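Take a look at the letters that make up each chain.
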Amino acid sequence: MTGVSIREVGPRDGLQNEEPVPAEAKIQLLDALSRTGVARIEAVSFVHPKAIPQMADADEVWAKAWRNPDVRYSALIPNSRGAQRALAAGFREIEVVVSASDTHNRRNLNRSTEESLDDIAQLIPLVHEAGATLEVIVATSFGCPFEGDIAPDRVAGIVARVRADGADRIAFGDTTGMATPRRVRDLLTAVRPDLLHFHNTRGTGLANILTAMDLGVTEFDASVGGLGGCPYAPGASGNVATEEVVHMLHDMGIDTGIDLDALLEAAALAERLVGRPLPSGVLRAGPRTRLSAF
């Protein structure tokens with residue numbers, strides 16, 4: 001495998017699960033990440049401020065952020081209103097979430113999975129007419145904290161529906177870190193996504209990525225410092241840390257195009273901005289090539 005592509009989701013998925021930080025802090029982190037060599041960044045989400053107050057300043061953040069022409073930026077939206085805001089802001093890569101678990105979908109979006117799929121079917125032509133693409137993220141693909149295991153056939157059915165409706169890309173989300181290598185293999189044997197989003201809640205994030213790579217997946221989400229979680233799922237701790245993924249891949253001889261030193265500086269910045277220690281082991285210990293003096 002010659003290359004793996006990582007989408008950095010710290011500015012959105014990471015910060016939405018933290019205490020709100022000022023817009024200037026979000027801009028500072030986004031700008032730092034734009035200088036690391038990462039090819040894709042999930043920058044903001046256009047949601048109602050009462051639902052996710054951490055993202056209430058999305059328009060301001062995006063208007064003031066530096067945009068590296070070598071980086072593809074995307075935004076998450078919950079509905080057509082969010083899509084219109086994202087398109088008006090200039091985004092041409094848009095993401096929308098639907099949960100494989102009906103219970104989680106109701107907690108997250110206040111509607112059933114089927115109702116969300118109907119909404120997505122209406123969103124796709126709206127986004128396409130504006131010259132943009134829509135990625136559908138299937139949350140709780142590997143398990144739900146309310147319903148337990150999610151059958152691969154359930155996820156496959158959702159994928160078949162949104163692909164038929166014209167979705168451009170599909171991602172699977174491990175919303176509460178319930179995935180294990182066995183369950184990754186089981187699901188990806190049944191249906192294949194374009195991208196995978198793993199949390200490290202139970203310490204299996206890197207192992208899950210390696211398993212998916214063995215099955216041919218080359219695109220993954222990760223979050224600087226291990227920021228993140230899910231505000232609508234109990235116990236959903238941070239995403240797999242970007243610097244841990246990059247550190248592992250580079251040692252395997254796999255190119256990511258990312259400057260690990262610059263990424264570690266961004267992770268240290270993220271830690272300062274949120275005001276608490278972040279869970280990344282590579283941030284804490286440094287890369288394995290960093291030696292101590294005698």
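In the block above lies the structure referred to throughout.
Draft legend 1. Inspection of the nonpolar core at higher detail. By size, the foremost hydrophobic cluster in this structure holds 87 residues, and its most contacted members are F91, F172 and L188. Take this core: its biggest share by element is eight residues, from helix α11 (residues 260-274). In this structure F91 touches A43, V44, F46, W62, Y73, S74, A75, A86 and A132, once residues within four positions along its chain are discounted. Within the second largest apolar cluster, six residues are counted, among which are L76, V97, A139 and A171.

Draft legend 2. How the structure looks around helix α9 (residues 205-214). Among the residues of α9, those classed as buried are G205, N208, I209, T211, A212 and M213. On the buried face of α9, the contacting elements are β6 (169-174), α8 (181-190), β7 (195-198), β8 (219-222) and α10 (242-251). In the segment just after α9, G216 is the residue with positive phi, at about 100°.

Draft legend 3. Geometry of the pairing of strand β4 (residues 93-99). Here β4 lies mainly inside the structure; seven of its seven residues are buried. Burial along β4 is two-sided: the face carrying E93, E95, V97 and S99 and the face carrying I94, V96 and V98 are both buried. In the sheet, strand β3 (residues 72-77) pairs with β4 via three bridges, with the strands oriented parallel. For L76, the partnering residue across the bridge sits in β4 and is E95.

Quick notes on the rules
Residues numbered from 1 in each chain as written. Predicted model: local features only at pLDDT ≥ 70, side-chain atom pairs only at ≥ 80, totals over all residues. Heavy atoms only, no water. Core = buried A, V, L, I, M, F, W, Y, C linked by side-chain atoms within 4.5 Å. Buried < 20%, exposed > 50% of the residue type's maximum accessible area, 1.4 Å probe, protein only. Helix = DSSP H or I, 4+ residues; strand = E, 2+ residues; numbered from the N terminus. Contact = heavy atoms within 4.5 Å. Pairing = 2+ DSSP bridges.

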